[in-house]
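Below are the chains, spelled out letter by letter.
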Amino acid sequence: MLRFFAATLTAALFTTQSFAVDVVDLAGRKVSVPDKVERIILGEGRYMPTLAILDRQDPTQRVVGMMGEFERLDPAGYARFVQRFPKLAKIPRIGRASEDSFSIEQAIALQPQVAIFGIEGHGPASTSKEVIDRLQAAGVAIVFIDFRRDPLGNSVKSMNLLGRVLGREKEASDFVAFYEEQMRRVTSRLASVKSTPTVFLESRVGLTDACCETMAHGMMSGFIDRAGGDNIAKKVVPGEVGTVNLEYLLTQQPRYYIGTAVGALDTVDKMPNRIVLGAGVSPAAARASLVRATRRTGIANLSAVREGRAFAIWHHFYNSPFNVAAVQAIAKWLHPEQFTDLDPDATLRTLYQRFQPFELDGTYWIGLK
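So, here's what we can say about the structure. None of the values given here were measured: they were computed from a predicted structure.

Turning our attention to the environment of Ala76. Locating Ala76 in the fold gives a position in helix α4 (residues 75-84). Judged by its relative accessible area of 25%, Ala76 is partly exposed. Along the sequence, Ala76 and Thr294 sit 218 residues apart, while their C-alpha atoms lie 24 Å from each other.

Right under this line is the structure:
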């Protein structure tokens, strides 16, 4: 009887220790996660910089599997991480760059304790019922975060959630405190500003020859709202993303043009209309790419381009907790008088110095002038 009681107590303790943390994720699901998480899979490889905020010494240390879009969509940023953490290149890929490429069987075979997925994006989403059911049946706790659908509303929530799940609450709290302080530097000044200049945001410039993909709701559209601008695509695009035709742009003549950059230095020759920003890109190369992109038929006829109110920003801010720096940059473009002393470049440098395993390198936004 004593032996039975001891075995029962041991089992109870093991269960308590193994699944001791209850959290509510960004999909509104109550999830029990192990109190010591040592094996995770990532629904997007581009969450690696986010992990680095919490596991700065080695963000790869807990990752046993990840999607493969990081090296495909941001090769320069990926190269920096591989150079610092060579193990990253050897982590098994459980998919490429889309949800339908995700391998449930391979993910389960890696025996993760926790899967970190976005509520939507390039990997399994909160609507991926089969993935959720099968991973949960295999004993994997699934936690949904969000830096994409509503990045400005959910970045703080996602960082706090990850801090709790990974036992890095202090690191998450330090980041959140800095993030909120920097966001207040924008919102506090805009409270008294009455002007709301119109903006057209062209997404993934040069990815295709068509004009013009845009983000209208959520994602980077929210950056324009928070920076005190009026995104003209909201009136004609019902969903998150869509296309605005050139005639509409030429009729509306937005006060500002902002293009998002998906180019890398090694794509310039093959895809000359892409804007180049990110790791390893000089300001001169970035500006030259923006000049080329804004010489396209129709875009060159926008008054914002002709009069020098055209800018570009790194596309991957749309899915990054460093989005606060992008908001500062846009606010300074739209309201230069109110933000003469605001230095978004310094904010981004500080984010890297304090919360990344290496210093900032490259150019992440640029203007025609």
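The next subject is the pattern of salt bridges. A full pass over the atoms with the stated rule returns 19 salt bridges. One salt bridge in this structure joins Asp55 and Arg168, with 2.8 Å as the shortest N-O distance. In this pair, Asp55 is assigned in the loop between α2 (48-54) and β4 (63-67) and Arg168 in the loop between α7 (151-165) and α8 (169-190), connecting sequence segments 113 residues apart. With relative accessibility at 4%, the residue Asp55 sits in the buried group. Of the charged contacts, one joins Arg204 and Glu213 as a salt bridge, the two residues approaching to 2.8 Å between their closest N and O atoms.

Bringing the state of the cysteines into the picture now. Enumeration according to the criterion identifies 1 disulfide in this entry. Paired by a disulfide, Cys211 and Cys212 hold their sulfur atoms 1.6 Å apart. Taking the torsion about the S-S bond as the criterion, the Cys211 to Cys212 disulfide, at about -60 degrees, is left-handed. Relative accessible area serves as the criterion here: at 0%, Cys212 is assigned to the buried category.

Our next topic: the pairing of strand β6 (residues 114-118). Summarising burial for β6: 5 of the 5 residues are buried, a large majority. Neither face of β6 is exposed, since Val114, Ile116 and Gly118 on one face and Ala115 and Phe117 on the opposite face are all buried. In this sheet, β6 lies alongside strand β3 (residues 40-42) in parallel orientation, the contact comprising 3 bridges. Among the inter-strand pairings, Leu42 is bridged to a residue of β6, identified as Ile116. Where β6 lies against strand β7 (residues 141-145), 5 bridges are found, and the strand directions are parallel. Residue pairing in the sheet places Val114 in a bridge with Ala141 of β7. Handedness of the crossover is the feature at issue here: the chain leaves β6, passes through helix α6 (residues 129-137), returns alongside β7, and the resulting connection is right-handed.

End to end, α8 covers 31 Å across 22 residues, agreeing with the expected 32 Å (1.5 Å per residue, within 8%). Maximal helix bending in α8 amounts to about 30 degrees, located at Arg184. For α8, the elements touching its buried residues are α2, α7, α9 (221-226), α13 (323-334) and α14 (344-355).

Before going further, it helps to examine the side chain of Arg80. Summarising the element assignment, Arg80 is placed in helix α4. No salt bridge is formed by the buried Arg80; its nearest oppositely charged neighbour, Asp361, is found at 4.3 Å.

In this structure the tally under the stated criterion is 21 aromatic pairs. Positioned over the ring face of Phe358 is Arg80, at 4.2 Å from the centre of the ring.

Quick notes on the rules
- Residues numbered from 1 in each chain as written.
- Predicted model: local features only at pLDDT ≥ 70, side-chain atom pairs only at ≥ 80, totals over all residues.
- Heavy atoms only, no water.
- Helix = DSSP H or I, 4+ residues; strand = E, 2+ residues; numbered from the N terminus.
- Buried < 20%, exposed > 50% of the residue type's maximum accessible area, 1.4 Å probe, protein only.
- Salt bridge = Lys/Arg side-chain N within 4 Å of Asp/Glu carboxyl O.
- Disulfide = S-S within 2.5 Å.
- Pairing = 2+ DSSP bridges.
- Right-handed = clockwise from strand over helix to strand, strands pointing away.
- Expected span 1.5 Å × (residues − 1).
- Bend = angle between axes of the 7 residues up to and from the residue.
- Contact = heavy atoms within 4.5 Å.
- Lys, Arg positive; Asp, Glu negative; His and termini not counted.
- Phe/Tyr/Trp six-rings, centres within 6.5 Å; stacked < 30°, edge-to-face > 60°.
- Lys NZ or Arg CZ within 6 Å of the ring centre and 35° of its normal.

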